[in-house]
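# Analysis of the macromolecular model
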Amino acid sequence: MSTASKLRVAFVHPDLGIGGAERLVVDAALGLQALGHCVDIYTSHHDEKHCFDETRDGTLRVHHVVPPFPRSWRGKFHILFAHARQLHLTNFLLSSCTDKHDVFFVDQLSTCIPLLRLLGGKRVVFYCHFPDKLLANGAFVEGRVQKRSGGILKRIYRYPMDWLEEVTTRQADIILANSRFTARVTVAYFTSLKTTPKVVYPGINIQAYETSVDMTDPDIVQVTSPRPTLLSLNRFEMKKNAALAVEAFSRLRGRPTVPNSIRLVLAGGYDPRLEDNIRTLNNLADLARTHSLTFKLTAPSKSSACVPSFPDATPHTEPDILFLLNFTTGQRSALLQAPSTVALLYTPANEHFGIGPVEGMLCGLPVLACDSGGPTESIVDSPSSERTGWLRTPDPGVWADTLEDICQLSEAERAALTRRCRDRARAMFGMEAMAKAIDVSLHEAIHMGAVQAPVKVVGFMFAFVLGLMVAILCRV
């Protein structure tokens, strides 16, 4: 238990689905609860059939405030409607909830920050996963000048959105970042920030990964196998680059030092509402066909997402590639803990942090990740005596060679690697360590005292809200 005063903390998160950002929110809330704080999570979207168990089984209090706005208009204007949906959520908080909470913890979308501070009179801690202005222009590569994508109309549309993100972010009382990489990039591209964000690494609930699972559960039976398994855990999004895993797997198969029965499991969040998810899964299936790899799609029995139908998907239980959509906590744990799992493949390049490598290390798995972004902070590649994983350029041939080396590890080498992985994950990336760091920041924000409201900031807020509502009304 924390020795400091207990706080009433409100989390504000736009879409409480299944993903790395959502996992962080859940684990941060669980960690703060364990320290004795009273925690509530407010969100504009929460599907009980597409979420983490703790958000639906009563472990955490989740308040789903349904907005009148869609996620997009004809597949466009996602960020505009994201702002609108958060304004609706903010209005709910200001009208009924601010007195119930001492401090707000906001992540992913910063629109609400000045409103919660100046109209609600509350201090706000903002957790920055990565600037949206950089994500909107495609893959971000540190050190490379990023050109704005799209035509002149998109640039005109994005300019006020990017400006708004920076202006509202700097209104936070304390800014946290998920890695040194994110903190460095945020300061470089948000030039008006006066301080560098504090780094608080995402932490995971260690106990949840070490708890035994019911191997007779039908959902677990359908995804586990005694066959040697390469595992990838990532949302089905183009930027996650799961195609790298498929390409490397196709080059690895057939090598004399690799078991013929080896398989690849691609597991992650899949939302049929998102065009990116649909397109990514279709492209991965096409890639499997190109390399003459059999594949099968499956989802948990209680999943709300309909499993897409591919006529050439194999009906057999032992395909070369298994696509697992919206895995359960039990399925994830079973795959990570399975003795047959050879390695975890983490394919995104320039990832902001990446919880996947930490999950793999905690379960004692060799982890192969790209040599950029957050994984360079979580994984130790050299010297080999301290290694917890491999950092390699995202080239299928290089990855195939590395996977072959991993497959050839002796029992003694694998056992030593397992010990190092688990020790590092527990020491640096546990939920308790993250919760204590956030706890310090929350109290620091509270101790700043009453919120002051400069006239120019109040004027900005009024103009911002009015302008946004006019823009939305012109689109619907």
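Preceding this paragraph is the structure being described.
Attention here is on the structure that accompanies the text. Note that the coordinates shown come from a computational prediction; the quantities given were computed from them, not determined experimentally. (Residues numbered from 1 in each chain as written. Predicted model: local features only at pLDDT ≥ 70, side-chain atom pairs only at ≥ 80, totals over all residues. Heavy atoms only, no water.)

## Quick look at the packing of aromatic side chains
Worth spelling out the cut-off: Aromatic pairing here means that ring centres of Phe, Tyr or Trp (its six-membered ring) are within 6.5 Å. Orientation follows from the plane angle: under 30 degrees is stacked, over 60 is edge-to-face, and everything else is tilted. The helix count covers DSSP runs of H or I at least four residues long, the strand count covers runs of E at least two residues long, and both are numbered beginning at the N terminus. When a residue's accessible area, from a 1.4 Å probe over protein chains only, is under 20% of the maximum for its type it is buried; when over 50% it is exposed; and in between it is partly exposed. Comment: the charge-over-ring label is applied if NZ (Lys) or CZ (Arg) is within 6 Å of the ring centre and within 35 degrees of the ring normal.
According to the stated counting rule, one finds 13 aromatic pairs in the structure shown. When the ring of Phe 11 is compared with that of Phe 105, the centres are 4.7 Å apart and the planes differ by 40°; the resulting orientation is tilted. Here Phe 11 is found in strand 1 (residues 8–13), whereas its partner Phe 105 is found in strand 4 (residues 103–107), with 94 residues between them in sequence. Assessed through its relative accessible area of 1%, Phe 11 is described here as buried. Phe 105 sits in the buried class, given a relative accessible area of 0%. Lying across the ring of Phe 52, Arg 23 places its NZ or CZ 4.5 Å from the centre.

## Digging into unusual backbone geometry
That bond from Ser 382 to Pro 383 is cis: its omega, 0°, falls within 30 degrees of zero. When you line up the elements, Pro 383 lands in the loop between helix 13 (375–378) and strand 14 (389–392). A positive phi angle, near 60°, is found at Phe 77, a position not held by glycine. Mapped onto the elements of the fold, Phe 77 is located in the loop between strand 3 (61–64) and helix 2 (78–96). Judged by relative accessible area, which is 15%, Phe 77 ranks as buried. The phi dihedral of Ser 292 falls on the positive side, at around 55°, and the residue is not glycine. Position of Ser 292 among the secondary structure elements: in the loop between helix 10 (275–290) and strand 10 (295–298).

## Let's talk about the pairing of strand 9 (residues 263–268)
The side chains of a regular strand alternate between the sheet's two faces. Here is the rule: Being paired, for any two strands, means DSSP has found at least two bridges between them.
Among the six residues in strand 9, six count as buried, and that is most of the element. Neither face of strand 9 is open: one carries Arg 263, Val 265 and Ala 267, the other Leu 264, Leu 266 and Gly 268, and all of them are buried. With five bridges joining them, strand 8 (residues 229–233) and strand 9 adopt parallel strand pairing. What sits directly across from Ser 232, in strand 9, is Leu 266. Note that strand 9 and strand 11 (residues 321–325) share five bridges and pair parallel. Bridging across to strand 11, Leu 264 finds its partner in Ile 321.

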